[in-house]
Every structure is written in C-alpha cells, then in structure tokens.
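Examining the three-dimensional arrangement
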Amino acid sequence: TLEANAEHDSVVEQTLEANGKTWKCTAVGMGNPYAIFFVNDLEKDIDFEKDGPALEAHESFPAKTNVEFVQVKGDDHLIMKVWERGAGPTLAC
C-alpha cells in the first residue's frame, strides 16, 4: 500500500519500481483505484503490454489498480492509455 506523501492524505509522484523501471505514481480514487503515471512520450517511454500489467499487480496495490499513462501535449491537451484492472487495455476512460 502506498503511504500518503502530500496534503489531505494524498499520494503524489511517489516512486515505484516495476518492470525494471522507476515510475512516479499519483494515486486517485473515483470509486475504483487509479494509479496515474505522467510520461514524456507515450510511444517511447512505456511498453504498454508489459508495463501496464506490471503496475496493475504491483505489490503496492494488493487489490490491483487501474493504470493510466498520461502524456501532456499542452495546457488543454492530454493523451492517455489505460490498462484496466482485471481487463487489460481499454478505451472506456
């Protein structure tokens, strides 16, 4: 389980090791757990089919988690890929 490291018992940019990489995780709960990972380039920085399941089942998430990889393209433009807990790649978010 991730320890809160920010105001209001939040988890913001907490470091995780998974799949041989170091990640910065921001966690949110919207009825389901979400682990958000901001990356510079979705095509270069992640191996979606390997990193998604590795982070979904990371020991910090005993009941697993949804994984969102997010690339900031601009102040009003985000691109993301979602690995849904228990289902894999999804366009549902």
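Quick summary incoming for the structure in this document. (Residues numbered from 1 in each chain as written. Predicted model: local features only at pLDDT ≥ 70, side-chain atom pairs only at ≥ 80, totals over all residues. Heavy atoms only, no water.)

Some remarks on the nonpolar core
Among the nonpolar cores identified, the biggest contains 17 residues, and Leu16, Trp23, Cys25, Phe37, Ile46, Leu55 and Phe69 are the most heavily contacted of them. Among the secondary structure elements, those contributing two or more residues to this core are β1 (11–18), β2 (21–29), β3 (33–39), α2 (48–56) and β4 (66–74). Apart from residues lying up to four places away in sequence, leucine 55 is in contact with Leu16, Ala18, Trp23, Phe37, Phe61, Thr65, Val67 and Phe69. (Core = buried A, V, L, I, M, F, W, Y, C linked by side-chain atoms within 4.5 Å. Buried < 20%, exposed > 50% of the residue type's maximum accessible area, 1.4 Å probe, protein only. Helix = DSSP H or I, 4+ residues; strand = E, 2+ residues; numbered from the N terminus. Contact = heavy atoms within 4.5 Å.)

Some thoughts on the packing of aromatic side chains
Using the criterion set out here, one finds 5 aromatic pairs in the structure. Geometrically, the ring pair formed by phenylalanine 37 and phenylalanine 69 is tilted, given 6.1 Å between the ring centres and 35° between the ring planes. Note that phenylalanine 37 is positioned in strand β3 and phenylalanine 69 in strand β4, a separation of 32 residues in sequence. Residue classification places phenylalanine 37 among the buried residues on the basis of a relative accessible area of 1%. For the pair phenylalanine 48 and phenylalanine 69, a centre-to-centre distance of 6.1 Å together with 70° between the ring planes defines the contact as edge-to-face. In this pair, phenylalanine 48 sits in helix α2 while phenylalanine 69 sits in strand β4, placing the two residues 21 residues apart along the sequence. By the burial criterion, phenylalanine 48 is buried, and phenylalanine 69 matches it. Joined through ring pairs, the aromatic side chains of Trp23, Phe37, Phe48, Phe69 and Trp83 make up one cluster. Sitting above the plane of the phenylalanine 48 ring, lysine 81 keeps its charged end 5.6 Å from the centroid. (Phe/Tyr/Trp six-rings, centres within 6.5 Å; stacked < 30°, edge-to-face > 60°. Lys NZ or Arg CZ within 6 Å of the ring centre and 35° of its normal.)

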